[in-house]
Amino acid sequence: MEFTFKNIKSPKPLAISLIAGFFVVITGATFLLSTGNLPLGIVIYALPFVLFLISLIFVYPSWGLWTAFIANYFALGIARYVPAPLGLSIDGLLVLTWLAVIFSQFNKKVHWKDAWNGLTIAAIIWYGYALFQLFNPEAVSSIAWFYAMRGVSLYMVLTVPLAFLLLNKPKDLEKMLRWWGLFTLVGVAKGMMQKFVGPDPWEQYWLDTVGGKTHMLSQGLRIFSFFSDAATYGGSMGFSGVVFSILTLNATTLKKKLFFGSVAFMAFYGMLISGTRGAIAVPFGGFTMYAILSKKVKMLVVGGIIMISIYSFLRFTTIGNSVYEIRRFRGALDPDNPSLMVRKENQQKLRVYLASRPFGGGIGSAGNWGLRFSPGTFLAETPTDSWYVQIWAEQGRVGLTLHLTILGFIILKSAQILMFKLKNQKFIGYGSALCSGIFGVMAASYGSGALGQMPNGLIIYISMAFIFMMPKWEEKKMMEPSLEADTK
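Let me sum up the structure you'll find in this document. No experiment lies behind these values; they were computed from the predicted model shown.

### Considering the overall build of the protein
Line of reasoning, step 1. Across its full length, the protein carries 20 helices and 2 strands.
Line of reasoning, step 2. Looking at the protein residue by residue over its 488 residues, the buried ones come to 47%.
Line of reasoning, step 3. Accessible surface, the protein: about 24,300 Å² in total, of which carbon and sulfur atoms supply 70%.

### Observations concerning the packing of aromatic side chains
Line of reasoning, step 1. Taken as a whole and assessed by the stated rule, the structure comprises 31 aromatic pairs.
Line of reasoning, step 2. Between Trp369 and Phe373, the ring centres sit 6.1 Å apart and the planes meet at 25°, which makes this aromatic pair stacked. Pair noted here: Trp369 and Phe373 are both in helix α15 (residues 367–373), with a separation of 4 residues, about one helical turn.
Line of reasoning, step 3. A residue is classified by how much of its surface remains accessible, and Trp369, at 27% relative accessible area, is partly exposed.
Line of reasoning, step 4. An aromatic cluster is built from Trp66, Phe69, Tyr73, Phe74, Trp179, Phe183, Phe226, Phe227 and Tyr233, whose rings are joined through pairwise contacts.
Line of reasoning, step 5. Against the face of Tyr353 rests Arg357, its NZ or CZ located 3.8 Å from the ring centre.

### Let's talk about the environment of Leu88
Line of reasoning, step 1. For Leu88, the position within the fold is in helix α4 (residues 88–103).
Line of reasoning, step 2. Spatially, the C-alpha atom of Leu88 lies 8.9 Å from that of Ala75, the residues being 13 residues apart in sequence.
Line of reasoning, step 3. Non-local contacts of Leu88, meaning those with residues more than four positions away in its chain, are made with Phe146, Tyr147 and Arg150.

### Quick look at a positive patch on the surface
Line of reasoning, step 1. The grouping of Lys108, Lys169, Lys171 and Lys476 at the surface amounts to a positive patch.
Line of reasoning, step 2. By the element assignment, Lys169 lies in the loop between α6 (142–166) and α7 (170–196).
Line of reasoning, step 3. Residue Lys169 is classed as partly exposed on the basis of its relative accessible area of 42%.

### Some thoughts on unusual backbone geometry
Line of reasoning, step 1. Residue Met454 is joined to Pro455 through a cis peptide bond whose omega torsion reads 10°.
Line of reasoning, step 2. Looking at where Pro455 falls in the secondary structure, it is placed in the loop between α18 (425–444) and α19 (456–477).
Line of reasoning, step 3. With a phi angle near 55°, Ser225 is a residue other than glycine that sits in the positive phi range.
Line of reasoning, step 4. By the element assignment, Ser225 lies in the loop between β2 (220–221) and α9 (230–250).

### Topic: helix α3 (residues 62–78)
Line of reasoning, step 1. Its 17 residues give α3 an end-to-end C-alpha distance of 23 Å, which sits within 8% of 24 Å, the value for a rise of 1.5 Å per residue.
Line of reasoning, step 2. At Asn72, α3 shows its maximal kink, close to 40°.
Line of reasoning, step 3. Every buried residue of α3 is listed here: Gly64, Leu65, Trp66, Thr67, Ala68, Phe69, Ala71, Asn72, Tyr73, Ala75 and Gly77.

### Topic: the packing of helix α11 (residues 281–293) against helix α17 (residues 387–421)
Line of reasoning, step 1. For the pair α11 and α17, the least separation of the axes is 10 Å and the interaxial angle reads 40°. Judged by the inter-axis angle, α11 sits oblique to α17. Two secondary-structure elements touch here, α11 through Met289, Ile292 and Leu293 and α17 through Ile411, Ala415, Leu418 and Met419.
Line of reasoning, step 2. Looking at the contact of α11 with α17 residue by residue, the classes come out as 7 nonpolar, no polar and no charged.

### Quick look at the nonpolar core
Line of reasoning, step 1. Leu119, Leu173, Met176, Trp180, Leu434 and Phe466 are the most contacted members of the largest nonpolar core, which totals 120 residues.
Line of reasoning, step 2. Excluding residues within four positions of it along the chain, Leu119 makes contact with Met156, Val160, Phe164, Phe409, Ile410, Met464, Ala465 and Phe468.

### Side note on the pattern of salt bridges
Line of reasoning, step 1. Taken as a whole and assessed by the stated rule, the structure comprises 7 salt bridges.
Line of reasoning, step 2. The salt bridge involving Arg357 is made with Glu138; its shortest N-O contact spans 3.2 Å. Here the residue Arg357 occupies a position in the loop between α14 (338–354) and α15, and Glu138 occupies one in the loop between α5 (118–133) and α6, the gap between them amounting to 219 residues.
Line of reasoning, step 3. With a closest N to O distance of 3.1 Å, Lys426 and Glu174 form a salt bridge. Of the two residues, Lys426 sits in helix α18 while Glu174 sits in helix α7, which places them 252 residues apart along the sequence.

### Description of the environment of Phe373
Line of reasoning, step 1. Its relative accessible area of 23% is what places Phe373 among the partly exposed residues.
Line of reasoning, step 2. Excluding residues within four positions of it along the chain, Phe373 makes contact with Ser141, Ile143, Ala144 and Tyr147.

### Considering a nonpolar patch on the surface
Line of reasoning, step 1. The grouping of Leu47, Val50, Leu51, Ile54, Phe58, Val95, Leu99, Ile102, Phe103, Phe106 and Trp112 at the surface amounts to a nonpolar patch, some 990 Å² of accessible area in total.
Line of reasoning, step 2. For the nonpolar patch, the secondary structure elements donating two or more residues are α2 (38–59) and α4.
Line of reasoning, step 3. A total of 5 residues in the nonpolar patch trace back to one element, the largest contributor, which is α2.
Line of reasoning, step 4. Relative to the helices and strands, Ile54 is located in helix α2.

### Section: the side chain of Ser463
Line of reasoning, step 1. With respect to the helices and strands, the residue Ser463 is situated in helix α19.
Line of reasoning, step 2. With relative accessibility at 0%, the residue Ser463 sits in the buried group.
Line of reasoning, step 3. Residues in contact with Ser463, not counting those within four places in the same chain, are Met176, Trp180, Leu434 and Ile438.

### Structural notes on the side chain of Ser386
Line of reasoning, step 1. With respect to the helices, strands and loops of the structure, Ser386 is situated in the loop between α16 (378–381) and α17.
Line of reasoning, step 2. A polar contact is formed between the side chain of Ser386 and the backbone nitrogen of Tyr388, at a distance of 3.3 Å.
Line of reasoning, step 3. A distance of 2.7 Å separates a polar atom in the side chain of Ser386 from the backbone oxygen of Tyr446.

### Description of α18
Line of reasoning, step 1. In this model, α18 (20 residues) spans 28 Å end to end at C-alpha, consistent with the 28 Å of a helix rising 1.5 Å per residue.
Line of reasoning, step 2. Residue Asn424 occupies the N-cap position of α18, its side-chain oxygen lying 2.9 Å from the main-chain nitrogen of Lys426.

### Comments concerning the packing of α17 against α18
Line of reasoning, step 1. Look at α17 against α18: their axes get within 11 Å of each other, and the N-to-C directions meet at 160°. With respect to their mutual orientation, α17 and α18 come out roughly antiparallel. Where α17 crosses over α18, the two elements pack in a sense that is left-handed. Here α17 contributes Tyr388, Leu407, Ile411, Ser414 and Leu418 to the contact with α18, which in turn contributes Phe427, Ile428, Gly431, Ser432, Cys435, Ile438, Phe439 and Met442.
Line of reasoning, step 2. Its residues assigned to classes, the contact of α17 with α18 shows 10 nonpolar, 3 polar and no charged.

Definitions and cut-offs
- Residues numbered from 1 in each chain as written.
- Predicted model: local features only at pLDDT ≥ 70, side-chain atom pairs only at ≥ 80, totals over all residues.
- Heavy atoms only, no water.
- Helix = DSSP H or I, 4+ residues; strand = E, 2+ residues; numbered from the N terminus.
- Buried < 20%, exposed > 50% of the residue type's maximum accessible area, 1.4 Å probe, protein only.
- Areas by Shrake-Rupley, 256 points an atom, 1.4 Å probe, with all protein chains shown as cover.
- Phe/Tyr/Trp six-rings, centres within 6.5 Å; stacked < 30°, edge-to-face > 60°.
- Lys NZ or Arg CZ within 6 Å of the ring centre and 35° of its normal.
- Contact = heavy atoms within 4.5 Å.
- Patch = residues over 30% accessible without salt bridge, like charges linked within 9 Å, V, L, I, M, F, W, Y side chains within 5 Å.
- Salt bridge = Lys/Arg side-chain N within 4 Å of Asp/Glu carboxyl O.
- Lys, Arg positive; Asp, Glu negative; His and termini not counted.
- Charge placed at Lys NZ, Arg CZ, Asp CG, Glu CD.
- Expected span 1.5 Å × (residues − 1).
- Bend = angle between axes of the 7 residues up to and from the residue.
- Axes fitted to C-alpha atoms, helices over the stretch in contact; angles between N-to-C directions.
- Parallel < 35°, antiparallel > 145°, perpendicular 65-115°, else oblique.
- Nonpolar A, V, L, I, M, F, W, Y, C, P; charged D, E, K, R; others polar.
- Core = buried A, V, L, I, M, F, W, Y, C linked by side-chain atoms within 4.5 Å.
- Polar contact = N/O pair within 3.5 Å; in protein donor to acceptor, adjacent residues only side chain to side chain.
- Left-handed = near helix turned anticlockwise from the far one by under 90°.

The quantities given are spatial measurements derived from coordinates; they are silent on function.
So, in structure tokens, the structure goes:
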């Protein structure tokens, strides 16, 4: 066919406008960067991609939850390089995903009943109590309440129903584990760079201005990777180590065993170099839970012997004391540890203060948010050093009792599903790994804030939803040949 200009279709005006607008934005951003206006230039550079992502989420709502999952892992680390409140991006993505789900009703029916179950009800009850705390007469700052309640309860009540609605297939669990494993390896790689090469200029600035007091010790640098701090890094790596270790034990293919095993090994290495003593409770609690879930006496006995041996090695010997990481972990089991004594003194002060305050001092009144929004107050100036102590301080014995009841319900219900309802060995293996990791983080949260910190929060909430979905998966998949082989 002879070529002529008539053969070329004219582009639509909308397409021309979008392309032209894109190049105008990029040109403007490049100009701003060249004049030294880095923050504004980066924001404008990102604008077309943000708009594209928003349109994509409204077409495919699950992209919103996956993007939140990714941002949850990296937002706080990127904030060291970009002066912006990137933590709020999680809120924005979750709300945007909810809007996308609601508007998607115009095209197809949303099965809302899939999200209505015991886990969602527990999340709503917990968030309802957080709303009640807004009217706590002891609360000093409503702004502090807004910032603090996000990690305490908002993310849970937003994430859990979305997981039931959007990530409701076994392949979604497989996808989460792949992403989680990859992010864990990236986190360990960044931690190794800090240990063997040293912090980059932005990290060094953070150490010089904020983090040096707790991270620059006489024995060396506590590794924090791209996480908010070393404690968060250590707890997250312990969480990953437990989950992927158990996945390795239950993997049915060599490829999965190698991947899961590599992630587990590197995660525990990351936990070790973090210098976070409280993180040791994650594997202790996690593997104990797995031994119980296995329902095997042999597993309980072998697991008990291993745990007692590790405890005895750290508690009653000095072997390996020349290695800083081992020496620091050993200090976590020393009942005369000065840090532990200080914590007990602080808890005694809180006990006296909270005796007449059954609902606590208000969400956001303690910890970093307290120091930021109500400096000089008793709760702001009294370190909590623990997720549960912070819940107690801010929400009182009523809030702590409710919180522990909800966590107990979730763990017991998960255990009941895995031990007595499921028969598919693949689901049991995956669910046991997730449940054990979650329980390990709960155990470690007595000595740290691991339970509510990024990235643990969203991972835990989505994992809880996956476990609660497994009976329905099994009911639908039992007759599929690919899964019948995995059934008792």
